[in-house]
Amino acid sequence: MRTRFAAVLTAFVLMTTTACGTDVPAGLADKVEAGCPGLLKPEPLAVITKDLVVSEVNGVDADGCQVFVSTGRKALSVGIVAYPSPEESERLTPMLCTDGKLDVETKACTAGTVEGQTYSLHAVAGRWNVRVAVFEIPATDEVKDAVQQIVEDLRNSDKTRG
């Protein structure tokens, strides 16, 4: 029940933030569309990189991208990996989790961080595993909510529906 409440509250906060108009810096939407088509929307990225200047958004391949800020540091990495079925994704994704299990309500989990990472989340999106990692940006509740919004956007995306 507590998890469901937290998920509903997170969704409400993100909907309210989006409805009020997240302040997306000029040019950010174009960078996101060019570098991460279908993987990332500018609103949650603007929340994560608040007070920083996004200098580069690179598509690693069709299923991944990275975001860099003006200092040259990587700020965000997003990637999806396909499994043969949703059941296989739900079975294998927990192996990437710190505690070895997915949250029942969100079908997501935090993962161990590597050098420079401050927050890493894995989630199931149909037959896909979604991974979002934040680098060198404090993992505030606002940043965690934005990461969860990226996951929800991908769950509703054409990228993960096939």
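Residues numbered from 1 in each chain as written. Predicted model: local features only at pLDDT ≥ 70, side-chain atom pairs only at ≥ 80, totals over all residues. Heavy atoms only, no water.

Section: helix H2 (residues 28-35)
The set of residues buried in H2 consists of Leu28, Val32 and Gly35. Looking straight down H2, one finds that the buried residues subtend no more than 85 degrees of arc, so they occupy a single side. Pointing more than 90 degrees away from the buried face of H2 are the exposed residues Asp30, Glu33 and Ala34. Residues of H2 that are buried sit in contact with helix H3 (42-48), strand E1 (54-61) and strand E2 (64-69). (Buried < 20%, exposed > 50% of the residue type's maximum accessible area, 1.4 Å probe, protein only. Helix = DSSP H or I, 4+ residues; strand = E, 2+ residues; numbered from the N terminus. Arc of directions from axis to C-beta. Contact = heavy atoms within 4.5 Å.)

Let's talk about helix H5 (residues 141-155)
The end-to-end C-alpha separation of H5 is 21 Å, in line with the 21 Å expected for 15 residues at 1.5 Å each. Three or more residues of H5 are buried, namely Val143, Asp145, Ala146, Val147, Gln148, Ile150, Val151, Asp153, Leu154 and Arg155. (Expected span 1.5 Å × (residues − 1).)

Describing the pattern of salt bridges
Within this structure, the stated rule accounts for four salt bridges. Notably, a salt bridge pairs glutamate 88 with arginine 91, separated by 2.8 Å at the nearest N-O pair. With glutamate 88 and arginine 91 both in helix H4 (residues 86-92) and three residues apart, this pair spans about one turn of that helix. Among the residues examined, glutamate 88 registers a relative accessible area of 24% and is labelled partly exposed. The partner of arginine 155 in a salt bridge is glutamate 152, and the shortest N-O contact between them spans 2.7 Å. Taken as a pair, arginine 155 and glutamate 152 lie in helix H5 at a separation of three residues, close to a single helical turn. (Salt bridge = Lys/Arg side-chain N within 4 Å of Asp/Glu carboxyl O.)

Here we look at the state of the cysteines
Disulfide: a covalent bond connecting the sulfur atoms of a pair of cysteines. Summed over the entire model, instances satisfying the criterion amount to two disulfides. Through a disulfide, cysteine 36 is tied to cysteine 65; the S-S separation comes to 2.0 Å. Of note, the bridge from cysteine 36 to cysteine 65 carries an S-S torsion of about 115 degrees and is right-handed in sense. With a gap of 29 residues between them, cysteine 36 in the loop between H2 and H3 and cysteine 65 in strand E2 connect regions that are remote in the sequence. Among the residues examined, cysteine 36 registers a relative accessible area of 1% and is labelled buried. The exposure class assigned to cysteine 65 is buried, which follows from its relative accessible area of 1%. What pairs with cysteine 97 in a disulfide is cysteine 109, and their sulfur atoms sit 1.8 Å apart. Residues cysteine 97 and cysteine 109 are joined through a disulfide that is left-handed, its torsion about the S-S bond being -70 degrees. Remark: cysteine 109 occurs in strand E4 (residues 108-110) and cysteine 97 occurs in the loop between H4 and E4; sequence separation between them is 12 residues. (Disulfide = S-S within 2.5 Å.)

Side note on the environment of glycine 126
Following the sequence through the fold, glycine 126 ends up in the loop between strand E5 (117-125) and strand E6 (128-135). Considered as a pair, glycine 126 and glutamate 87 are 39 residues apart in the sequence and their alpha carbons are 8.3 Å apart. Not counting residues within four places of it along the chain, the set of residues in contact with glycine 126 comprises Pro86 and Ser89.

What about the pairing of E5?
Where a strand is regular, its side chains alternate between the two sheet faces. Of all nine residues in E5, eight are buried; the element is thus mostly enclosed. From the end of E4 to the start of E5, which pair antiparallel, there are six residues, and glycine 116 there has a positive phi angle of about 90 degrees. Relative to E6, E5 runs antiparallel, the two sharing eight bridges. Looking at the pairing, serine 120 lines up with alanine 133 of E6. Linking E5 back to E6 in an antiparallel pair, the connection comprises two residues, with glycine 126 at a positive phi of about 65 degrees. (Pairing = 2+ DSSP bridges.)

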